[in-house]
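Commentary on secondary and tertiary structure
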Amino acid sequence: MFLSILQSEWFKLRKSKISAIILAAPILTFLMGLTMDGFEFIGDDEVNDWLLFFLFSNLTYSLLFLPLISGVFASLVCRYEHQAGGWKQLLTLPVTRGKVFMAKYTLLLLLVFVIQMLYVVAIFSVGTMKGYTDAFPMAIIWKSVFGGWVAAFPLVALQLWMSMIWKTFALPLAVNVFFTLPTILAVNSETYGPYYPWAQPFLMMYSVEESMDSVFYVPWDQVLLVVGGSFILFFFGGMIYFSRKAI
Amino acid sequence: MIGKLIMADFLKMKRKGFWFLAFLGPFGVIALQMVNYGVRKEYLLTQSEDDWGYYLLNVNSFTPLAIVLGIAIVTSAIASVENETNAWKQLLALPISKKTVFLSKFMVLAFLLLVSSALLSIFTLGYGMYLNFDQEIPYSDIIIFSFYPYFAALPILALQLWIATVSNNQGIPITTGILGTIITYSSASLPDWLIWKWPAVMLEWEEPIRIVMLGFGFGFLLFIVGMIDFVRRDVK
């Protein structure tokens, strides 16, 4: 049953101009990558060109774009239900609220995964067009992109919760902005940055090290405590809210 | 007629969070500096001889982002007021021209953001005085840092209002707002003609007042283009 709910969620989303919004990220990365030249002078020849460009793009992508756009996805998957009594119609079907919440959340995680993949494609295209000759650092980039995806889990959960409360896109975005902008300060602090949930995508994607055997670029206890902890808070908060929401 | 429309738009904004957001934006920008200076004031004071100037620069590192995102939020919110209840039809069935409807929404939001900028100047001054720098208070710089980014952002306001009022799906204007923010954030390495760069660049220009004039000029232009398109479209 879960799969059919998930499938119907996808059908609803497919007609919501989702492809244009998904493509926004890679296209912007692509265009900015082509117009920006400055960063090539920073590194010496020893540093891999791909890695240099990747890290440079990650700065804006993981700090601002990923947290903000995943909030838009969350509002989009609730848009259909907020219009003209859609929640009522959906919940008169023989589905449980828990499963509906899970289906929407799963779809969101898939969407974030897709933009992470498209981001790599954009990086690869720019590098190819600029004729980078160094070896493509597949392992490093994959690990970073995967880490950014996992770090987005709690943020997506909070945004889904907020999008279920409000009909408009504007208010969930306001919440998102309120928590995302301080990241710019938080990542400057070695003491507080690691504990700020919205800084996790950046820390996962930016602090890359070549010689590291762990799955993520940040310590496991930080992943479990900060990402895991905020995930539990936001995910179950949203789920409990939704299961009690008066429709 | 326009006066009544503006009053109606202010009424519709009641209890929808607009005024709270207008307060939250400038307050958030200064609150970040409260954290910044609270945690490492000693270090920040050693960074420059001109402590007031350095403080204003710190504030200004967030002002453009807050304005660009704030514009995306309020333009989408004001369009949602009509979208949610299919009120465009009812609004436009009144004996008023579509032009004035668009103008009224623009004026209301421009005023809201002006209030935000005024609040920003007050908060900037207030926290700056609390920090008690050993220096004269640079009143004119505080005004420039609080209001110039707003004037420079008028084209973005016109553009976002246009996109928000003609989009049925508010995901579209929100996404363009986020893309604009990314451009604002990485403005240093991008070409000058991008309007999203303007709120952030005044310091690099010899005469910052030019960015204000550009803001008015292009703001007016984009407003006219947006208005013409809004008028020509079918009512949803």
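Definitions and cut-offs
- Residues numbered from 1 in each chain as written.
- Chains lettered and ligands numbered in written order.
- Predicted model: local features only at pLDDT ≥ 70, side-chain atom pairs only at ≥ 80, totals over all residues.
- Heavy atoms only, no water.
- Patch = residues over 30% accessible without salt bridge, like charges linked within 9 Å, V, L, I, M, F, W, Y side chains within 5 Å.
- Areas by Shrake-Rupley, 256 points an atom, 1.4 Å probe, with all protein chains shown as cover.
- Salt bridge = Lys/Arg side-chain N within 4 Å of Asp/Glu carboxyl O.
- Helix = DSSP H or I, 4+ residues; strand = E, 2+ residues; numbered from the N terminus.
- Buried < 20%, exposed > 50% of the residue type's maximum accessible area, 1.4 Å probe, protein only.
- pLDDT = per-residue confidence, 0-100.
- Phe/Tyr/Trp six-rings, centres within 6.5 Å; stacked < 30°, edge-to-face > 60°.
- Lys NZ or Arg CZ within 6 Å of the ring centre and 35° of its normal.
- Expected span 1.5 Å × (residues − 1).
- Bend = angle between axes of the 7 residues up to and from the residue.
- Polar contact = N/O pair within 3.5 Å; in protein donor to acceptor, adjacent residues only side chain to side chain.
- Core = buried A, V, L, I, M, F, W, Y, C linked by side-chain atoms within 4.5 Å.
- Contact = heavy atoms within 4.5 Å.
- UniProt positions renumbered as here; feature names shortened; annotations may be inferred.
- Buried area = accessible area lost by both parts, 1.4 Å probe.
- Nonpolar A, V, L, I, M, F, W, Y, C, P; charged D, E, K, R; others polar.
- Arc of directions from axis to C-beta.

An unreviewed UniProt entry lists chain B under the name ABC-2 type transport system permease protein, from Pseudogracilibacillus auburnensis.

As named in an unreviewed UniProt entry, chain A is ABC-2 type transport system permease protein, taken from Pseudogracilibacillus auburnensis.

Looking now at a nonpolar patch on the surface. All names here are of chain B. Residues Phe20, Phe23, Phe27 and Met34 make up a contiguous nonpolar surface patch of roughly 370 Å² in combined accessible area. Tracing the backbone shows Phe20 in helix 2 (residues 18–46). Since its relative accessible area comes to 52%, Phe20 is described here as exposed.

Another point: the confidence of the model for chain B. Detailed reading of the predicted coordinates is not advisable wherever pLDDT falls low. In the predicted model, chain B carries a mean pLDDT of 91, and the fraction of residues at 70 or more is 98%. In the model output, the complex is listed with pTM 0.91 alongside ipTM 0.90.

Bringing the packing of aromatic side chains into the picture now. In the structure shown here, the tally under the stated rule is 43 aromatic pairs over all chains. Consider the rings of A:Phe179 and A:Trp198, whose centres lie 4.3 Å apart with planes at 10 degrees: the pair is stacked. Taken together, the residues A:Phe179 in helix 7 (residues 170–180) and A:Trp198 in the loop between helix 8 (183–186) and helix 9 (200–206) connect sequence positions 19 residues apart. With a relative accessible area of 27%, A:Phe179 lands in the partly exposed category. Between A:Phe231 and A:Phe235, the aromatic rings sit 5.2 Å apart at their centres with planes inclined by 20 degrees, giving stacked as the arrangement. Residue A:Phe231 and its partner A:Phe235 are located together in helix 10 (residues 220–244), separated by four residues, close to a single helical turn. Through successive ring pairs, a cluster of aromatic residues spans A:Trp87, A:Phe101, A:Tyr105, A:Phe231, A:Phe235, A:Phe236 and A:Phe242. Here the basic side chain of A:Arg97 rests over the ring of A:Phe242, its NZ or CZ set 6.0 Å away from the ring centre. The residue whose ring lies beneath B:Lys98 is B:Phe230, and the NZ or CZ to ring-centre distance is 5.3 Å.

Moving on, we get to helix 3 (residues 49–82) of chain A. Residue and element names in this part refer to chain A. The end-to-end C-alpha distance of helix 3 is 46 Å, a good match for the 50 Å that 34 residues give at a rise of 1.5 Å each. Roughly 45 degrees is the biggest bend found in helix 3, and it falls at Tyr61. Taking burial as the measure, the 34 residues of helix 3 include 29 buried ones, the bulk of the element. Among the residues of helix 3, the N-terminal cap falls to Asn48, whose side-chain oxygen and the backbone nitrogen of Trp50 are separated by 2.8 Å.

A few words on the nonpolar core. In globular proteins that are soluble, nonpolar side chains generally tend to be buried together. With 160 residues, the main nonpolar core has A:Phe73, B:Phe18 and B:Tyr55 as its most contacted residues. In terms of residue count, helix 3 of chain A provides more of this core than any other element does, 16 residues in total. A:Phe73 has contacts with A:Ile18, A:Ile21, A:Ile22, A:Leu108, A:Leu111, A:Val112 and A:Ile115, leaving out every residue within four places of it along the chain.

With that out of the way, let us pick up the UniProt feature "transmembrane region" (unreviewed entry) in chain B. The UniProt record marks residues 55–81, 102–130, 142–164, 171–188 and 208–231 of chain B with the feature "transmembrane region" (unreviewed entry), using the residue numbering of this structure. End C-alpha to end C-alpha, residues 171–188 of chain B measures 28 Å, and it is 83% helix and 0% strand.

With that settled, the discussion passes to the UniProt feature "transmembrane region" (unreviewed entry) in chain A. In the numbering used here, UniProt assigns the feature "transmembrane region" (unreviewed entry) to residues 20–39, 51–78, 107–128, 140–162, 169–187 and 222–242 of chain A. Taken end to end, residues 169–187 of chain A is 79% helix and 0% strand, and its two terminal C-alpha atoms sit 27 Å from one another.

On the side of chain B, 31 residues touch chain A, which itself brings 31 residues to the contact. When chain A packs against chain B, the two sides together hide about 2900 Å² of surface, and 82% of this comes from carbon and sulfur. Applying the counting rule to chain A against chain B returns zero salt bridges. Where chain A touches chain B, the interface holds one residue pair in polar contact (both at pLDDT 80 or more). Contributions of two or more residues to the side of chain A that touches chain B are made by helix 2 (18–35), helix 3, helix 7 and helix 8 of chain A. Top element by residues in the side of chain A that touches chain B is helix 3 of chain A. It accounts for nine residues. For the side of chain A that touches chain B, the class distribution of residues is 24 nonpolar, four polar and three charged.

As a further point, take the pattern of salt bridges. Two side chains carrying opposite charge are able to pair once their charged atoms lie near each other. Residue and element names in this part refer to chain A. With the rule as written, the count across this model stands at 10 salt bridges over all chains. Of the charged contacts in the structure, one is a salt bridge between Lys104 and Glu81, with a shortest N-O distance of 2.9 Å. Taken together, the residues Lys104 in helix 5 (residues 97–130) and Glu81 in helix 3 connect sequence positions 23 residues apart. Comparing Lys104 with Glu81 shows no difference in burial state: the two are buried. A single salt-bridge network, built from bridges that share partners, covers Glu9, Lys12, Glu81 and Lys104.

All names here are of chain A. In a regular helix each residue adds 1.5 Å, so 13 residues correspond to 18 Å; helix 1 (residues 2–14) covers 18 Å between its end C-alpha atoms and thus fits that length. Those residues of helix 1 not exposed but buried are Ile5, Leu6, Glu9, Lys12 and Leu13. The arc that holds the buried residues of helix 1, viewed along the axis, is 120 degrees, so those residues lie on one side. Where helix 1 is buried, its residues meet helix 2, helix 3, helix 4 (86–92) and helix 5.

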